[in-house]
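Working through the structure, step by step
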Amino acid sequence: MSLLEVSGLTIRSASAAPVRDVSFAVDAGERLGVIGESGSGKSLTSLAATGLLPSSLTPSGSILLDGREVVGARDAVLRPLRGPVVQIVFQEPLTALDPLMRVGRQIAEPMRRHLGLRGGALRDAVAAALDEVALPDPRIARAFPHELSGGQRQRIAIAIALAARPRLLIADEPTTALDVTVQHGVLSLLERLVAVRGMALLFISHDLAVVSRMAERLVVLQNGSVVEEGPVARVLAAPGHPYTRALVASARALDDVLDGAGS
Ligand SMILES: Nc1ncnc2c1ncn2[C@@H]1O[C@H](COP(=O)(O)OP(=O)(O)OP(=O)(O)O)[C@@H](O)[C@H]1O
Ligand SMILES: [Mg+2]
């Protein structure tokens with residue numbers, strides 16, 4: 001059984017169906033990339049997988065998370081899954097952070113709730129979590145989100161997402177809002193944490209180079225539907241769908257420009 005199994009997922013609004021008949025699965029410890037242009041349904045799919053769709057949107061089909069049905073589930077069923085089973089890191093770190101709470105406390109809260117840590121053990125775990133996201137300065141724990149840089153905030157959002165030791169991390173364009181040099185550091189950090197913890201990763205991006213680096217297998221979304229799926233190496237070497245061919249060709253063209261600039 002896969003850790004996340006999406007089958008025939010359709011998401012409807014009052015006037016449209018922005019996601020149609022999407023199916024894919026993520027096994028424990030696997031890294032799956034989802035790529036697609038803006039508006040192709042990447043974020044709605046990841047929100048549906050965690051039961052976080054806005055109430056104006058209605059999902060149908062099936063989403064099994066660790067064997068439990070998410071589509072139509074009550075909050076009492078979903079709440080225990082968020083944390084130990086699945087967590088999301090969003091594009092904009094501020095959406096995940098409480099502006100009025102020191103960041104150390106925001107990391108401590110899920111550790112207290114889900115791992116039952118208290119007192120000195122909790123303090124040590126928060127320090128270790130900050131160290132793990134390469135923010136070892138103890139002053140960071142006492143900072144408020146607005147006192148940190150964008151890259152530091154995203155590292156904190158990652159530390160909060162990982163605090164309850166989820167088995168699946170969904171990263172929805174986690175570096176798109178960061179400048180390029182900072183992006184690289186956050187991607188390396190995610191790569192390392194996923195490997196060290198043996199976590200599964202659902203990595204969402206519109207950037208082929210970035211998803212190819214982070215994932216072993218790719219799902220290509222266009223206009224709310226899956227148009228191609230396969231191992232990264234195969235998709236890059238022999239893209240089957242015209243949209244994927246266009247993505248690969250434009251990534252190559254960019255590479256050529258960069259190579260030309262460097263020589
Ligand atoms: N709350 C909503 N109600 C109705 N339609 C919505 C809602 N949220 C998103 N949509 C529509 O669903 C489609 C898919 O949106 P989604 O946010 O999943 O795209 P995306 O692939 O994540 O794009 P991006 O790369 O820009 O983040 C879009 O056309 C969007 O307009
Ligand atoms: Mg999105």
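Residues numbered from 1 in each chain as written. Chains lettered and ligands numbered in written order. Predicted model: local features only at pLDDT ≥ 70, side-chain atom pairs only at ≥ 80, totals over all residues. Heavy atoms only, no water.

Where an unreviewed UniProt entry is consulted, the protein appears under the name ABC transporter domain-containing protein, with the organism given as Microbacterium gilvum. According to UniProt, the comment filed for the protein under the heading Sequence similarities (unreviewed entry) is "Belongs to the ABC transporter superfamily." Note on the protein: under the UniProt heading Subcellular location (unreviewed entry), the record states "Cell membrane". (UniProt positions renumbered as here; feature names shortened; annotations may be inferred.)

Taken together, 14 residues sit near ligand 1, with Ser38, Gly39, Lys42, Ser43 and Leu44 positioned nearest. Residue Ser40 places a main-chain N or O atom 3.2 Å away from an oxygen atom belonging to ligand 1. Ser43 is positioned with one of its side-chain polar atoms (N or O) 2.9 Å from an oxygen atom of ligand 1. Contact with the protein chains hides 61% of the accessible area of ligand 1, taken as 640 Å² for the molecule alone. Considering only residue class, the shell around ligand 1 consists of four nonpolar, seven polar and three charged. (Near = heavy atom within 4 Å. Polar contact = N/O pair within 3.5 Å; in protein donor to acceptor, adjacent residues only side chain to side chain. Areas by Shrake-Rupley, 256 points an atom, 1.4 Å probe, with all protein chains shown as cover. Nonpolar A, V, L, I, M, F, W, Y, C, P; charged D, E, K, R; others polar.)

Moving on: the environment of Gly72. Mapped onto the fold, Gly72 is located in the loop between strand E5 (68-69) and helix H2 (75-78). Residue Gly72 is classed as exposed on the basis of its relative accessible area of 73%. Along the sequence, Gly72 and Pro18 sit 54 residues apart, while their C-alpha atoms lie 18 Å from each other. (Helix = DSSP H or I, 4+ residues; strand = E, 2+ residues; numbered from the N terminus. Buried < 20%, exposed > 50% of the residue type's maximum accessible area, 1.4 Å probe, protein only.)

This part covers the pairing of strand E9 (residues 217-222). Across the six residues that make up E9, a large majority, five, are buried. Strand direction decides the pairing type here: strand E3 (residues 31-36) and E9, joined by five bridges, are parallel. By the bridge assignment, Gly33 is partnered in E9 with Leu218. Pairing analysis gives six bridges linking E9 to strand E10 (residues 225-231), with the strands arranged antiparallel. Residue pairing across strands places Arg217 opposite Pro231, the latter belonging to E10. Linkage of E9 to E10, two consecutive antiparallel strands, is achieved through a turn of two residues, within which Asn223 is found at a positive phi near 55 degrees. (Pairing = 2+ DSSP bridges.)

Before going further, it helps to examine the packing of helix H3 (residues 103-115) against helix H5 (residues 150-162). Two numbers describe how H3 lies on H5: the axes approach to 8 Å, and their chain directions differ by 20 degrees. Viewed along their axes, H3 and H5 adopt a mutual orientation that is roughly parallel. Helix-helix and strand crossings are classified by hand; for H3 and H5 the assignment is right-handed. Across the interface between the two elements, Val103, Gln106, Ile107 and Pro110 from H3 touch Ile156, Ala159 and Ile160 from H5. Looking at side-chain class alone, the contact of H3 with H5 contains six nonpolar, one polar and no charged residues. (Axes fitted to C-alpha atoms, helices over the stretch in contact; angles between N-to-C directions. Parallel < 35°, antiparallel > 145°, perpendicular 65-115°, else oblique. Left-handed = near helix turned anticlockwise from the far one by under 90°. Contact = heavy atoms within 4.5 Å.)

So, about the sheet that holds strand E8 (residues 200-205). Here we have six strands laid out as an open sheet, ordered E6-E7-E8-E3-E9-E10, and mixed in their pairing. Strands with a single pairing partner mark the edges of an open sheet, and in this sheet they are strand E6 (86-89) and E10. Averaged over all adjacent pairs, the angle separating strand axes in this sheet is 15 degrees, with direction ignored. The sheet contact formed by E3 and E8 spans five bridges and is parallel. In the strand pairing of E8, Leu32 is matched with Leu202. Here H5 sits on the sheet and contacts E6 and strand E7 (168-172); the angle it forms with E6, its principal contact strand, is near 170 degrees. Of the strands in this sheet, E3, E7 and E8 touch helix H6 (residues 180-197), which is tilted by about 155 degrees from E8.

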